[in-house]
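# Overview (structure and organization)
Listed here are the chains, written in short residue letters.
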Amino acid sequence: MTPRERDYVAGLCATLAGLNVETERGYLLETRLGALARREGYGSVSELARAVRDRGEERLIWAVVEAMAPAQTAFFRDPEVFARIGDELEALAARGTVRVWSAACGSGQEIYSIAMLLEERGVDGVELFASDIAERLLEKARTGLYNPFEAQQGLSARRLVRHFANSDDSFILDPEIRRQVKWRRLNLMDAAPGVGSFDLILCRHVLGSLLPQARDRVIANLSVALRPGGRLVLGVKETLSGASGLVPVPGAPGVFEVPVGVRAAA
Amino acid sequence: MKTCLVVDDSRVIRKVARRILEDLGFQVAEAGDGADALAFCRSTMPEAILLDWHMPVMAGPEFLKRLRLEPGGEEPRVIFCSGETQVERIREVLESGADEFIMKPFDAEIMVGKLCAAGLA
């Protein structure tokens, strides 16, 4: 890719999804867009970039942006986080219906980890919602199909045999668990009317890939969807500025909450 | 330093596993089949065993059964490492005393995750 092509792609990603694409890391662009170029029948990433620029086809533009967006690829990433979430959801579910949102869910490993955890603990009454900017990843997530390599990322063998069955060369998640998740394509940069309010929103390892202004916007969009006392779970090393209206939860790195009796600032 | 016995009839797999395990701070011993592995365990019981399924002389499941009957044989964490991908067969070895299961091919990240799941890292 030429520097100009890289700048063009970075500009698209910044405008449409607030993504901070570092143009000096050319290999990252080549790697992420290489697979897309092959799928779309282009001989090189440069050819793909030129086609996007010259044709202005919306589908292709979004395919490029989606390919550059970060994606979760492991089940139970940071197991201690899931152990805590399991305890919290169990306590909340005993008092009424609980809603959880996996924002930027990628191919579904995060929300399915929660669904498995709830099944293992016999917890009912938790509504699971997951969104991503990439339709292609959502399609994969809905199928619940993972190849052996993916099925070993963070998933213990006991969980594999408990929740999955063989499906040709892959593993397919129990349909009862798959059915519990509602999916929707969402750009976190946009307000998300109609998603409702949540007790727990997970947006882990996403903010670091956004431009500063986009980060503030995403946090604001997520914050308004939190119920009083609701919690936003970021990556364990991620943090928020005070302007969000959310406060850190002591002893839970990367977790922030709406103080009870307060509605988070939009 | 914890010892891990790598039991596999493939020299290549033993070498790959050795490199990953040594990087994680394990002392590594090797055996080419279940019978050799059992002889090793009778003299020095390791903390961990990475065990192939299909091997000449004595296969992985048979070794596991015999290991668990040895004095101290309940102690090692046993992680199967095999090309077997049938859920029912994986369940069988877990029920007969294996602690974890790695499907080949694997990489260092997967092995670290499985060692953690087995309480070894």
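Within any chain, residue numbers begin from 1 and follow the written order of that chain's sequence. Chains carry letters and ligands carry numbers; both start at the beginning, A for chains and 1 for ligands, and go up in the order they are written. Note on the predicted model: pLDDT of at least 70 is required for a residue's local features to be given, and 80 or more for side-chain atom pairs to be given and counted; whole-chain, interface and lining totals, by contrast, use all residues. Values reported for side chains reflect all heavy atoms of the structure, with hydrogen atoms and water molecules removed beforehand.

In DSSP terms, a helix is any run of H or I states spanning at least four residues, a strand is any run of E spanning at least two, and both are numbered starting from the N terminus. If you tally the helices and strands in chain A, you get 11 helices and 10 strands. For chain A, whose C-alpha radius of gyration is 19 Å, the value lies close to the compact-globule estimate of 18 Å for 266 residues. Projecting the C-alpha coordinates of chain A onto the three principal axes gives extents of approximately 55 × 50 × 30 Å. A 1.4 Å probe rolled over the protein chains alone gives each residue an accessible area, and that area as a share of the maximum for its type sets the label: buried under 20%, exposed over 50%, partly exposed in between. Out of the 266 residues in chain A, the part that is buried amounts to 51%. Whether two residues are in contact is decided by their heavy atoms, any of which lying within 4.5 Å being enough. Considering only intrachain contacts with a sequence separation of at least 6, the fraction spanning at least 24 residues in chain A is 73%. In the form shown here, chain A has an accessible surface area of approximately 12,000 Å², with 51% of it arising from carbon and sulfur atoms. Computation of the radius of gyration draws on C-alpha atoms, with the globule rule given as 2.2 Å multiplied by the number of residues to the power 0.38. Per-residue accessibility takes into account occlusion by the displayed protein chains alone, with areas from the Shrake-Rupley method and a 1.4 Å probe.

Along the chain, B:Leu94 turns up in helix H4 (residues 87-95). Between the C-alpha atom of B:Leu94 and that of B:Arg18, which follows or precedes it by 76 residues, the distance is 23 Å. Every residue in contact with B:Leu94, bar those within four places of it in the chain, is listed here: A:Ala157, A:Arg158, A:Val161, B:Asp99 and B:Glu100.

Residues and elements named next belong to chain A. Pairing within the open sheet is antiparallel, and its 3 strands lie in the order S3-S5-S4. Each of the sheet's edge strands pairs with one partner strand only, and the pair in question is strand S3 (145-146) and strand S4 (164-167). Only strands joined by at least two bridges in the DSSP assignment are considered to pair. Pairing of S4 with strand S5 (residues 170-173) involves 4 bridges; the strand directions are antiparallel. By the bridge assignment, Asn166 is partnered in S5 with Phe171.

Here we take up helix H1 (residues 11-23) of chain B. At 3.6 residues per turn, the α-helix brings residues three or four places apart onto the same side. All names here are of chain B. A rise of 1.5 Å per residue sets the reference length of H1, with its 13 residues, at 18 Å; its end C-alpha atoms lie 18 Å apart and thus fit the reference within 8%. All buried positions along H1 are accounted for by Arg14, Ala17, Ile20 and Leu21. Down the axis of H1, the sector holding all buried residues measures 135 degrees, keeping them to one side. Pointing more than 90 degrees away from the buried face of H1 are the exposed residues Arg11, Val12, Lys15, Arg19 and Asp23. For H1, the elements touching its buried residues are strand S1 (3-7), strand S2 (27-31), strand S3 (48-51) and helix H5 (108-117). Of the residues flanking the end of H1, it is Gly25, one or two places downstream, whose phi is positive at about 95 degrees. What a helix is expected to span follows from its residue count: subtract one and scale by 1.5 Å. Each direction from the helix axis to a C-beta atom contributes to the arc, which is the arc of those directions.

Moving on to the environment of A:Glu135. Residues and elements named next belong to chain A. Structurally, Glu135 can be placed in helix H7 (residues 135-143). Judged by its relative accessible area of 27%, Glu135 is partly exposed. Each C-alpha atom of the pair Glu135 and Trp62 lies 9.4 Å from the other, and the pair is 73 residues apart in sequence. Every residue in contact with Glu135, bar those within four places of it in the chain, is listed here: Glu66, Arg142 and Arg185.

Moving on, we get to the interface of chain B and chain A. How big an interface is tends to be expressed through the accessible area that disappears when the partners come together. Every contact between the two is made by 19 residues of chain B and, on the other side, 15 residues of chain A. Sorting the residues of chain B by area buried against chain A places B:Val87, B:Met103 and B:Ile110 first, and these three jointly supply 39% of that buried surface. As used in this structure description, the phrase polar contact means that two N or O atoms lie within 3.5 Å; if the pair is within protein, one of them must be able to donate a hydrogen and the other to accept it, and residues adjacent in sequence are counted only when both atoms belong to side chains. Counting the contacts that link chain B with chain A gives 7 residue pairs in polar contact (both at pLDDT 80 or more). Elements with a contribution of two residues or more to the side of chain B that touches chain A: H4, strand S5 (100-103) and H5 of chain B. The residue makeup of the side of chain B that touches chain A, split by class, is 11 nonpolar, 2 polar and 6 charged. Take the accessible area each of two parts loses on contact, using a 1.4 Å probe, and add the two losses: that sum is the buried area. Residues are grouped as follows: Ala, Val, Leu, Ile, Met, Phe, Trp, Tyr, Cys and Pro are nonpolar; Asp, Glu, Lys and Arg are charged; all remaining types, including Gly, are polar.

Taken together, the buried positions of H4(B) are B:Val87, B:Ile90, B:Val93 and B:Leu94. One side of H4(B) holds all its buried residues, which, seen down the axis, span an arc of 130 degrees. In the core, the buried residues of H4(B) are packed alongside helix H9 (157-163), S4 and S5 of chain A together with helix H3 (60-69), strand S4 (77-82) and S5 of chain B.

Residues and elements named next belong to chain A. The domain architecture assigned to chain A consists of domain 1 (3-68) and domain 2 (79-257). Reported domain spans reflect what an automatic or database domain assignment gives. Computed over C-alpha atoms only, the centres of domain 1 and domain 2 are separated by 27 Å. Tallying the contact residues gives 10 residues for domain 1 and 11 residues for domain 2. Summing both sides of the interface, domain 1 and domain 2 together bury roughly 890 Å²; the carbon and sulfur share of this comes to 54%. The largest per-residue losses of area from domain 1 upon contact with domain 2 belong to Gly18, Asn20 and Glu66, which jointly make up 49% of the total buried on that side. A salt bridge links Arg185 to Glu66; its shortest N-O distance comes to 3.6 Å. The interface formed by domain 1 and domain 2 holds 4 residue pairs in polar contact (both at pLDDT 80 or more) in total. Of all elements in the fold, only helix H1 (3-17) and helix H4 (58-68) reach the threshold of two or more residues within the side of domain 1 that touches domain 2. The salt bridge criterion pairs a side-chain nitrogen of Lys or Arg with a carboxyl oxygen of Asp or Glu, the two atoms within 4 Å.

In this structure, B:Pro105 follows B:Lys104 across a cis peptide bond, with omega equal to -5 degrees. Checked against the element boundaries, B:Pro105 lands in the loop between S5 and H5. If you check the backbone angles, A:Asp78 has positive phi at about 60 degrees while not being a glycine. Within the secondary structure, A:Asp78 sits in the loop between H4 and helix H5 (79-93).

All names here are of chain B. Taking strand neighbours across the sheet as the criterion, the 5 strands line up as S2-S1-S3-S4-S5 in an open arrangement whose pairing is parallel. The two strands at the open ends of the sheet, each matched to only one other strand, are S2 and S5. Adjacent strand axes in the sheet meet at a mean angle of 20 degrees when their direction is disregarded. In this sheet, S4 lies alongside S3 in parallel orientation, the contact comprising 4 bridges. Directly across from Ile49, in S4, lies its bridge partner Val78. Only the stretch in contact is used when a helix axis is fitted, and all axes are lines through C-alpha atoms; the angle between N-to-C directions ranges over 0 to 180 degrees. Contacts from helix H2 (residues 34-43) reach S1, S2 and S3, with the element oriented near 160 degrees to S1.

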